[in-house]
Protein chains: 2
Amino acid sequence: MIIIAALLAAAPLSPADIAAAAPPSAWRAVVPENLMLVETPRGTMAIELAPDFAPAHIAAIRALVAAGRFDGGAITRVQDNYVVQWAARPGPDKTLTSGGAAAVAAGSTATPGGVAVGSGPGPAHPAILPAEYERPAKGLAITPLGSVDTYAPSGFWNGWPVARDPKAGTAWLAHCYASVGVGRDNPPDTGDGSELYAVIGHGPRHLDRNITVVGRVIDGIPDFSSLARGTGPLGFYKTPAEQTVLTKVRFATAADPRYEVLRSDSPAFAAYLAARTNRTGFFVRPAGATDLCNVQVPVRVAK
Amino acid sequence: MIIIAALLAAAPLSPADIAAAAPPSAWRAVVPENLMLVETPRGTMAIELAPDFAPAHIAAIRALVAAGRFDGGAITRVQDNYVVQWAARPGPDKTLTSGGAAAVAAGSTATPGGVAVGSGPGPAHPAILPAEYERPAKGLAITPLGSVDTYAPSGFWNGWPVARDPKAGTAWLAHCYASVGVGRDNPPDTGDGSELYAVIGHGPRHLDRNITVVGRVIDGIPDFSSLARGTGPLGFYKTPAEQTVLTKVRFATAADPRYEVLRSDSPAFAAYLAARTNRTGFFVRPAGATDLCNVQVPVRVAK
């Protein structure tokens, strides 16, 4: 044992090594009913939804999927260092939004041509869902991040990056790379689920508790983060020809790949988090800390 | 004045509004001799170099550019949520690296197929440049971030996102979206400037003080962040056919677009930073804080 310990000390495992070596008990299955597949000619995004955080918005999304409203919809917006956004087709009765109105707020003016915040024209939303921007923290056994995050005390619950407000007793899903949220217009609109976005840049944590986060992309995001950026305001495409069609949006079945997420409460995750916090090997100076979004929770395809 | 103040309180300016309204005195010019233009069939990246932080590596890059070594080079690696990396052609005398050896460390195992840290084959580097991972903070009047950053006390100097170590008295350029660094192999190698990368994902702050940062992309990054991701280990392309050729890499002349960066010590930047820290309008709950990389310093094309 001493020899093994010495070897480990000499060559600590990388985060990838730790995830690869994690035992079966360290993984939880992504259940098919929470796995939304966004199929396009470009590839498929596999999105795990988090009904523990946004049940009403996810119910709305399920209804839209069941009605086939996303089929024939499109990716309407790709803003660099910010989001990929897609929209359902407008409903026949127009009671659901809108086709292009809801917009996540503009990211920045980092580059020339940066754009102002704004939203396009569109009918008012007739039904306002509850603002699922946070939930009671009670009942969530959150594994602490172990570092001071700029925005709020943070950690992981069930594989999700979570921040919390100790005074208010609330918790919420953080906006990290690959997080999926519900586009909305201005308050009190909370979005109806017919326009969704995935983060493809630096974690826009200023959106936390301002928009409903419903899940995260657990597979396939490179085919979408590499889409051409839209050249209209907020990164919307100027013409339909630039959009990527949504061939089919559906929930997974037993025939689809099964995914597993590293459990936040497993020893393997604790080791992974420690290795992310203090990298070794190539690194000459471990950071000694990590922000919440710099710890991407490992996902694998189940064997 | 009371009326104006009331109006401002009712409709505070967005960060974009503030940048757009900043007076000429709030901007500093990017000098052509520090503006490196990476020209490709896909578009041009305009990179401002920071010789105040990495003079030796930037001198090496200048020599490579002057020798035409990047012309005919290629983008060899695009790793999702991490970096775009490009390489000079191998030198005729082989005294400079290498063509594919130096690699920024692997990012994560966030998605299935995540890869282990490693570096490819290649000749040893005959000349080791000084590790310009940090510099004395003395002489840098850093505008404080005003929020607690996870990694280190942080702020802005001359338009650059900077972190510092108060005890050691050092400062360094942070790894944020669009930051440009020098790929290297394992220590004590520091890279020779012939392989460079730009960040295209969540700020990989664990790389801070582990790699030499030489500047940042101030224009054109969307054409490169949207490149197809490489499918080999670390996001390297598997075949030369997948690579994007570097048509020409050169420094700017008076005939090129002139860029300006919002001055860190200007009142306009202070207002911009405050507005980024507490967003208004679309936002229902200001964050009350911001991490360093979530404040992208505005850049514009000079009129």
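Refer to the structure above for everything that follows.
Rules of the game
Residues numbered from 1 in each chain as written. Chains lettered and ligands numbered in written order. Predicted model: local features only at pLDDT ≥ 70, side-chain atom pairs only at ≥ 80, totals over all residues. Heavy atoms only, no water. Pairing = 2+ DSSP bridges. Helix = DSSP H or I, 4+ residues; strand = E, 2+ residues; numbered from the N terminus. Axes fitted to C-alpha atoms, helices over the stretch in contact; angles between N-to-C directions. Salt bridge = Lys/Arg side-chain N within 4 Å of Asp/Glu carboxyl O. Buried < 20%, exposed > 50% of the residue type's maximum accessible area, 1.4 Å probe, protein only. Disulfide = S-S within 2.5 Å. Contact = heavy atoms within 4.5 Å. Buried area = accessible area lost by both parts, 1.4 Å probe. Polar contact = N/O pair within 3.5 Å; in protein donor to acceptor, adjacent residues only side chain to side chain. Nonpolar A, V, L, I, M, F, W, Y, C, P; charged D, E, K, R; others polar. Least-squares fit on C-alpha atoms with pLDDT ≥ 70 in both. Lys, Arg positive; Asp, Glu negative; His and termini not counted. Phe/Tyr/Trp six-rings, centres within 6.5 Å; stacked < 30°, edge-to-face > 60°. Lys NZ or Arg CZ within 6 Å of the ring centre and 35° of its normal.

Points about the sheet that holds strand β1 (residues 27–29) of chain A
Residues and elements named next belong to chain A. With respect to topology, three strands assemble into an open sheet ordered β1-β16-β17, the strand pairing being antiparallel. Every other strand in the sheet has two partners, leaving β1 and β17 (299–301) as the edge strands with one partner each. The mean angle between the axes of side-by-side strands here comes to 35°, regardless of whether they run parallel or antiparallel. As paired strands, strand β16 (residues 259–262) and β17 are joined by three bridges and run antiparallel to one another.

Some words on the pattern of salt bridges
All names here are of chain A. As enumerated under the stated definition, the model contains 24 salt bridges over all chains in all. The shortest N-O distance in the salt bridge between Arg28 and Glu48 comes to 2.8 Å. Of this pair, Arg28 sits in strand β1 while Glu48 sits in strand β3 (residues 43–49), and the two are 20 residues apart along the sequence. Relative accessible area serves as the criterion here: at 5%, Glu48 is assigned to the buried category. For Arg300, the salt bridge identified is with Glu260, shortest N-O distance 2.8 Å.

A word on the state of the cysteines
Residue and element names in this part refer to chain A. Taken as a whole and assessed by the stated rule, the structure comprises two disulfides over all chains. Note that Cys176 is cross-linked by a disulfide to Cys293, the S-S spacing being 2.1 Å. Looking down the S-S bond of the Cys176 and Cys293 bridge, the torsion is -80°, so its handedness is left-handed. Of this pair, Cys176 sits in the loop between β10 (170–173) and β11 (179–182) while Cys293 sits in the loop between α5 (267–277) and β17; the two residues are 117 residues apart in sequence, bridging distant segments of the chain.

Here we look at the interface of chain A and chain B
Tallying the contact residues gives 69 residues for chain A and 68 residues for chain B. Where chain A abuts chain B, roughly 5,500 Å² becomes buried across the two surfaces, and 55% of that area is made up of carbon and sulfur atoms. Connecting chain A to chain B are two salt bridges. Among the salt bridges present, the one from Arg285 of chain B reaches Glu134 of chain A, with a minimum N-O distance of 2.8 Å. Counting across the interface, chain A meets chain B through 25 residue pairs in polar contact (both at pLDDT 80 or more). Broken down by secondary-structure element, the contributors of at least two residues to the side of chain A that touches chain B are α2 (15–21), β13 (213–219), α4 (222–225), α5 and β17 of chain A. For the side of chain A that touches chain B, the per-class residue count stands at 36 nonpolar, 18 polar and 15 charged.

Looking at helix α5 (residues 267–277) of chain B
Those residues of α5 of chain B lying buried are Ala268, Phe269, Tyr272, Leu273, Ala275, Arg276 and Thr277 of chain B. Where α5 of chain B is buried, its residues touch α2 (15–21), β7 (143–144), β8 (154–157) and β16 (259–262) of chain B.

Points about the pairing of strand β11 (residues 179–182) of chain B
All names here are of chain B. Neither face of β11 is exposed, since Ser179 and Gly181 on one face and Val180 and Val182 on the opposite face are all buried. The pairing of β11 with strand β12 (residues 195–199) spans three bridges and is classified as antiparallel. The partner of Val182 across the bridge, within β12, is Leu196.

Some words on the relation of the copies chain A and chain B
Superposition of chain A onto chain B requires a rotation of 180° combined with a translation of 0.0 Å along the rotation axis, giving an RMSD of 0.0 Å. Look at the turn and shift together and you get a two-fold axis relating the two. An overlap of 99% is found between the interface residues of chain A and their copies at the interface of chain B, pointing to a shared contact surface.

Re the side chain of Asp189 of chain A
Residues and elements named next belong to chain A. Mapping Asp189 onto the fold places it in the loop between β11 and β12 (195–199). At 6.7 Å, Arg184 is the nearest oppositely charged side chain to Asp189, a buried residue that forms no salt bridge. A polar side-chain atom of Asp189 sits 2.7 Å from the main-chain amide nitrogen of Asp185.

Some points on the sheet that holds strand β8 (residues 154–157) of chain A
All names here are of chain A. Spatially, the five strands line up as an open sheet ordered β6-β10-β9-β8-β7, and their pairing is antiparallel. Looking at which strands have only one partner, the edges of the open sheet turn out to be β6 (135–136) and β7 (143–144). When β6 meets β10, the two strands line up antiparallel, connected through two bridges. Each bridged residue has a counterpart across the sheet, and for Arg135 the counterpart in β10 is Ala171.

Digging into the packing of aromatic side chains
Residue and element names in this part refer to chain A. Throughout the structure, instances matching the rule amount to eight aromatic pairs over all chains. Both rings, one in Phe53 and one in Trp157, keep their centres 5.9 Å apart while their planes meet at 65°; by these two values the pair is edge-to-face. Of this pair, Phe53 sits in the loop between β3 and α3 (55–66) while Trp157 sits in strand β8, placing them 104 residues apart in sequence. Among the aromatic side chains, those forming a connected cluster through ring pairs are Phe156, Phe269 and Tyr272. Note that Arg135 overlies the ring of Phe53, its terminal NZ or CZ placed 5.7 Å from the centroid. The lysine or arginine in question, Arg209, covers the ring of Trp172, its NZ or CZ lying 3.8 Å from the ring centre.

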